[in-house]
Amino acid sequence: FFFKQKTAYEIKECDWSSDVCSSDLPRVVKAVRLAQPLRIDGRLDEPVYASVEPFSGFRQQEPKAGEPASEATDIWFFFDDKNVYVSARLHDDDTEDIVANDMRRDGAQVYQDDNLAMVFDTFFDHHTAFYFMTNPLGALRDGVVIDENNTNYDWNTVWDVKTRRDEMGWTVELVVPFKSLRYPRERTQRWGVNVRRWNRHRNEQSLLSPSPPGSPTSGALQRMQSEAVLEGIEVPDASSNIEVKPYGLSNLTTNRVATPPVTNKVEPAIGLDAKYAVTNNLTADLTVHTDFAQVEIDEQQVNLTRFSLFFPEKRDFFLEGQGVFDFNGTSGGNGDVPLIFFSRRVGLDAGRPVPIQAGGRLTG
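These remarks concern the structure in this document. Since the structure is predicted, the reported quantities are computational estimates derived from the model, not experimental observations.

Section: the overall build of the protein
Along the protein, the regular secondary structure elements total 2 helices and 20 strands. Here the protein, with 364 residues, has 45% of them falling under the buried criterion. A sequence separation of at least 24 residues applies to 63% of the contacts in the protein between residues at least 6 apart. Summed over its atoms, the accessible surface of the protein is roughly 19,300 Å², and 52% of this surface lies on carbon and sulfur atoms.

See below:
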């Protein structure tokens, strides 16, 4: 990931109990340390929910910008020595009208469901953030926000979420390991944060900290200049952050009409991908005998022009640090700005796949 230099500024908390909250004063919310990890099951039945007051007061972004949301949303922020937790109670008087259809990982149709999404600006630079989204079915969609509204949804990390529907609406319990994030070295941290609820059957978007009226509806959450401030996060001590993903596969072939004939020929293959966090924003990647079988298939496109189609990078090894050279946006076509480096060409020769034996990279 490529993060810009953090810009310090004075925090003045907004009086969120007033009818109108000035956009010049960011909302301040606080994270609470847990004595023991939450049980992630979507049930808000642990004692901590009764003892810790949630944050509410969501404001509409659409259709009536600045007005209180028609349905209440309660949010809790917790953490322990290993994880960050976000829990939510999404009240809804029309439980039969809740829209929930998509359970695919990173499914784009999650936007058409009732959903809850959030961003963590861990470096508090107002430009970059980690993005997490779910719906009443517990779908997982994540990404990295680069320069506010430019979001790379092909990025995936380790996290989990459980949801539950009841007579009051639906609930969310979400957990993100600290190891899945990047952040400064200081023990006590201040992060930027925002949470968006999309109530589909009312066609209403509301945010914990709304953007100014007129901001694009689809990018209001990623407008980091309007983020709230998350106080009190304490990150764990520095430790070896190593992620290893080995794989193994084999083929057994019998072909008696081949020349020469083949009987029970075994073709094994093993390999691994490894990631090591050298510093808080410097990452080393290693791949050996790379197998990309787990990569999702490209979306089908029909080309009616004389120009080549653009297919975004989806391989995990090449997604780390992709934003460093991404001057024209992750969509691959933004005006006349050239795409300086396109990693999809790695592993191809004249359009034919070439197996990758090994590779390494240091980014940050």
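That was the structure; now back to the text.
Brief notes about the pattern of salt bridges
Two side chains that carry opposite charge are able to pair once their charged atoms sit near each other. According to the stated counting rule, one finds 17 salt bridges in the structure shown. R104 is the salt-bridge partner of D102, the closest N and O atoms lying 3.2 Å from each other. The exposed category is assigned to R104, whose relative accessible area is 51%. The closest approach of N and O atoms between R105 and D142, which form a salt bridge, is 2.6 Å. Residue R105 is found in the loop between β5 (83–91) and β6 (115–121), and its partner D142 is found in strand β8 (residues 141–146); the two are separated by 37 residues along the sequence.

Looking at the environment of A100
Tracing the chain through its elements places A100 in the loop between β5 and β6. For the pair A100 and P136, spaced 36 residues apart in the sequence, the C-alpha separation amounts to 5.9 Å. If we skip the residues at most four places from it in the chain, A100 touches D113, P136, L137 and R165.

What to know about empty space enclosed by the protein
Applying the stated criterion to the full structure yields 2 cavities of 30 Å³ or more. Approximately 30 Å³ is the volume found for the second largest cavity. Around the second largest cavity sit E71, R197, N199, E204 and S206, which together line it. Elements supplying a minimum of two residues to the lining of the second largest cavity: β12 (188–199) and β13 (204–207). Residue composition of the lining of the second largest cavity, by class: no nonpolar, 2 polar and 3 charged.

A look at the sheet that holds strand β2 (residues 32–33)
The strand order across the open sheet built from 5 strands is β2-β4-β5-β11-β10, with neighbouring strands paired in mixed fashion. For this open sheet the edge positions go to β2 and β10 (160–166), each flanked by a neighbour on one side alone. Two strands pair when backbone bridges link them, and β2 and strand β4 (residues 73–79) are joined in this way by 2 bridges, in the parallel orientation. The residue bridging V32 from the neighbouring strand is F78, located in β4.

A word on the nonpolar core
The biggest cluster of nonpolar side chains holds 38 residues, and the ones touching the most others in it are F77, F132, L174, W191 and L230. Among the secondary structure elements, those contributing two or more residues to this core are β4, β5, β6, β7 (129–134), β8, β11 (169–177), β12 and β14 (228–234). Apart from residues lying up to four places away in sequence, F77 is in contact with V29, K30, A31, V32, F55, Y85, V86, V193, V195, L208 and L230. Judged by nonpolar contacts, the second largest core, of 14 residues, contains V119, Y131, L207 and L221.

Re the packing of aromatic side chains
In total, this model carries 12 aromatic pairs according to the counting rule given. Ring geometry for F120 versus W191: centroids 5.9 Å apart, planes at 65°, classification edge-to-face. Note that F120 is positioned in strand β6 and W191 in strand β12, a separation of 71 residues in sequence. The buried category is assigned to F120, whose relative accessible area is 1%. Using a relative accessible area of 0% as the deciding quantity, one classes W191 as buried. Grouping aromatic residues by their ring pairs yields a cluster made of F120, F132, W159, F178, Y183 and W191. The ring of Y153 has R141 lying over it, and the distance from NZ or CZ to the ring centre is 4.0 Å.

Looking at the pairing of strand β15 (residues 242–255)
Alignment of β15 against strand β16 (residues 262–279), held across 13 bridges, turns out to be antiparallel. Across the sheet, K245 pairs through a bridge with D273, a residue of β16. What sits between the antiparallel neighbours β15 and β16 is a turn of 6 residues.

What about the sheet that holds β16?
In a beta sheet, neighbouring strands pair by backbone hydrogen bonds and run either parallel or antiparallel. Ordered in space as β15-β16-β17-β20, the 4 strands form an open sheet in which the pairing is antiparallel. Of all the strands in the sheet, the pair left with one neighbour each is β15 and β20 (358–363). Geometrically, the sheet is characterised by an average inter-axis angle of 10° between neighbouring strands, direction not taken into account.

Cut-offs and rules
- Residues numbered from 1 in each chain as written.
- Predicted model: local features only at pLDDT ≥ 70, side-chain atom pairs only at ≥ 80, totals over all residues.
- Heavy atoms only, no water.
- Helix = DSSP H or I, 4+ residues; strand = E, 2+ residues; numbered from the N terminus.
- Buried < 20%, exposed > 50% of the residue type's maximum accessible area, 1.4 Å probe, protein only.
- Contact = heavy atoms within 4.5 Å.
- Areas by Shrake-Rupley, 256 points an atom, 1.4 Å probe, with all protein chains shown as cover.
- Salt bridge = Lys/Arg side-chain N within 4 Å of Asp/Glu carboxyl O.
- 1 Å grid on protein atoms, 1.4 Å probe; cavity = no way out; pocket = protein on both sides within 12 Å on 5 of 7 lines; lining within 4 Å.
- Points joined across faces, edges and corners; volume = space filled by probe spheres on them.
- Nonpolar A, V, L, I, M, F, W, Y, C, P; charged D, E, K, R; others polar.
- Pairing = 2+ DSSP bridges.
- Core = buried A, V, L, I, M, F, W, Y, C linked by side-chain atoms within 4.5 Å.
- Phe/Tyr/Trp six-rings, centres within 6.5 Å; stacked < 30°, edge-to-face > 60°.
- Lys NZ or Arg CZ within 6 Å of the ring centre and 35° of its normal.
- Axes fitted to C-alpha atoms, helices over the stretch in contact; angles between N-to-C directions.

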